[in-house]
Amino acid sequence: MAILLTGGAGFIGSHTAVCLMQAGYDVVLADNFSNSSPKVVGRIAEITGKTPVCVEADVCDKEAVRNIFRAHDISAVVHFAGLKAVGESVQKPLEYYRNNLDSALTVLEVMREFGCRQFVFSSSATVYGDQPAPLNESAPTGGCSNPYGWTKFMIEKILIDAARADETLSVVLLRYFNPIGAHESGRIGEDPQGIPNNLMPYITQVASGRREKLTVFGNDYPTPDGTGVRDYIHVCDLAEGHRCALEYAAAHTGCEVFNLGTGHGYSVLDMVHTFTRVNGVDVPYVIGPRRAGDLATVYAACDKAKEVLGWQAQRDLEAMCRDSWNWQKKNPMGYDA
Ligand code: NAD
Ligand code: UD1
């Protein structure tokens, strides 16, 4: 029996692969490498001492997904595959709707053909739209500010309906807050293509001299220091959340949703100052205008994951900053060095 990780070569998928393999699971990664490198497989093998099966496949291609299910005894799927750049989704909405919706539907249909009934989905805090923090799972969803967010909202809806119609199906929706950090070995981490959109990869590239300075997007928000507040979570804690979700899915049918965050909010300047202090490197920054679509304060209520899954984030902001920098230092150009 193996767990299929679609998009398993990506940032969160690769860390989850390590976590699951170390917990004794067999995994099969399926990725088209549109936003990742095949080199990840060798890095995972270095960390775990075992090479995971990795299939190069577009999971919108039904026959390719069937071939994976024919070749491997898949007991559950964690569906990471998707396009995730918010700004690009505004420029290329059709590509985002096609890839994200089609991949989820294709995998679900093939799972049904092969009698595989457990599905864990990578959703996002973005489905909450603009609502007061802390956000808990019963808050209404919708009001997304971009097509990427709407793909997450729509896939959640599809999964809720699918689980309602088929009582043998088990679905876990995981709403991630802001994943950062890297495996402590520094062998796997986040490798954004081009100019990073997200805060932590931008900070690490400034710290390493690859970019000149960080622009802080606005300091006039209603937050303690005026900069945006987010719930940053270490990617290894997030990976552990998937292990717990898979255990839950194996024991329950129906559809459940969990926030995966820490429950703490940190501002952009908190991040810069903590990164500088922990790593002893400067991060030059300037204050710029707000970024369109950004919210002032987003953080999770995490009680449900703790009570139901028995999961809680363990690593603090210092560990997140240290591990992000360790990865960047050891891999200044990502996997392509
Ligand atoms: P990532 O881009 O590193 O990983 C996604 C992987 O999916 C990539 O390796 C990409 O090549 C692959 N992929 C995309 N379309 C595919 C397809 N049709 N067939 C096969 N492979 C395909 O992103 P990540 O940060 O690891 O995110 C994983 C998932 O979590 C995504 O669905 C993302 O939307 C979601 N998510 C991420 C964040 C975040 O901040 N990183 C936050 C919330 C939700
Ligand atoms: C963004 C996406 C969200 C997605 C998440 C993870 C938007 C509006 N939201 O969330 O849908 O799920 O990424 O991929 O894009 N910041 C700077 N300077 C920078 C970069 C960021 O000041 O160069 C600030 C932002 O204004 C924000 C904070 O840092 O206050 C975090 O930004 P980011 O890492 O992009 O995450 P989110 O905006 O929370």
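Since the structure is predicted, the reported quantities are computational estimates derived from the model, not experimental observations.

The rules we used
Residues numbered from 1 in each chain as written. Chains lettered and ligands numbered in written order. Predicted model: local features only at pLDDT ≥ 70, side-chain atom pairs only at ≥ 80, totals over all residues. Heavy atoms only, no water. Near = heavy atom within 4 Å. Polar contact = N/O pair within 3.5 Å; in protein donor to acceptor, adjacent residues only side chain to side chain. Helix = DSSP H or I, 4+ residues; strand = E, 2+ residues; numbered from the N terminus. Nonpolar A, V, L, I, M, F, W, Y, C, P; charged D, E, K, R; others polar. Salt bridge = Lys/Arg side-chain N within 4 Å of Asp/Glu carboxyl O. Expected span 1.5 Å × (residues − 1). Buried < 20%, exposed > 50% of the residue type's maximum accessible area, 1.4 Å probe, protein only. Contact = heavy atoms within 4.5 Å. Pairing = 2+ DSSP bridges. Axes fitted to C-alpha atoms, helices over the stretch in contact; angles between N-to-C directions.

Observations concerning the site of ligand 2
- As a matter of local geometry, ligand 2 sits amid 19 residues, with Thr215, Phe217, Arg230, Arg291 and Asp294 nearest to it.
- Within the side chain of Asn198, a nitrogen or oxygen atom sits 2.9 Å from an oxygen atom of ligand 2.
- Leu199 places a main-chain nitrogen or oxygen 2.8 Å from an oxygen atom of ligand 2.
- It is strand β8 (residues 214-217) that contributes the most residues to the shell around ligand 2, 4 residues altogether.
- The residue makeup of the shell around ligand 2, split by class, is 8 nonpolar, 8 polar and 3 charged.

Looking at the pattern of salt bridges
- In the structure shown here, the tally under the stated rule is 21 salt bridges.
- For Glu63, the salt bridge is made with Arg66, and the minimal N-O distance between the two is 2.8 Å. Of this pair, Glu63 and Arg66 are both found in helix α3 (residues 62-71), 3 residues apart, which corresponds to roughly one turn of the helix.
- It is possible to trace a salt-bridge network through shared partners that takes in Glu63, Arg66, Arg70 and Glu113.

A short note on the site of ligand 1
- The immediate surroundings of ligand 1 are formed by 27 residues, with Ile12, Asp31, Asn35, Ser36 and Tyr148 found nearest.
- With respect to ligand 1, the backbone of Gly10 contributes an N or O atom lying 3.4 Å from an oxygen atom.
- At a separation of 2.8 Å, an oxygen atom of ligand 1 approaches a polar backbone atom of Phe80.
- For the shell around ligand 1, the elements supplying multiple residues, two or more each, are α1 (11-22), β5 (118-124) and α6 (147-165).
- Sort the elements by how many residues they give to the shell around ligand 1 and β5 lands first, with 3 residues.
- Classifying every residue of the shell around ligand 1 gives 12 nonpolar, 11 polar and 4 charged.

Quick notes on α6
- Here α6 contains 19 residues, and its C-alpha end-to-end distance of 27 Å stays within 8% of the 27 Å for a straight helix at 1.5 Å per residue.
- Among all positions of α6, only Pro147, Tyr148, Gly149, Thr151, Lys152, Ile155, Glu156, Leu159 and Ala163 are buried.
- For α6, the secondary structure elements touched by its buried residues are α4 (86-91), α5 (93-114), β5, β6 (170-176) and β11 (254-260).
- Where α6 begins, the capping side chain belongs to Asn146, and its oxygen is found 3.2 Å from the backbone nitrogen of Tyr148.

Comments concerning the sheet that holds β6
- Within the open sheet, the 7 strands sit side by side as β3-β2-β1-β4-β5-β6-β11. Their pairing is parallel. With one partner strand each, in any of the chains shown, β3 (53-56) and β11 form the two edges of the open sheet. In this sheet, neighbouring strand axes are inclined to one another by 20 degrees on average, regardless of whether the strands run parallel or antiparallel.
- Here 7 bridges tie β5 to β6, and the two strands are oriented parallel to one another.

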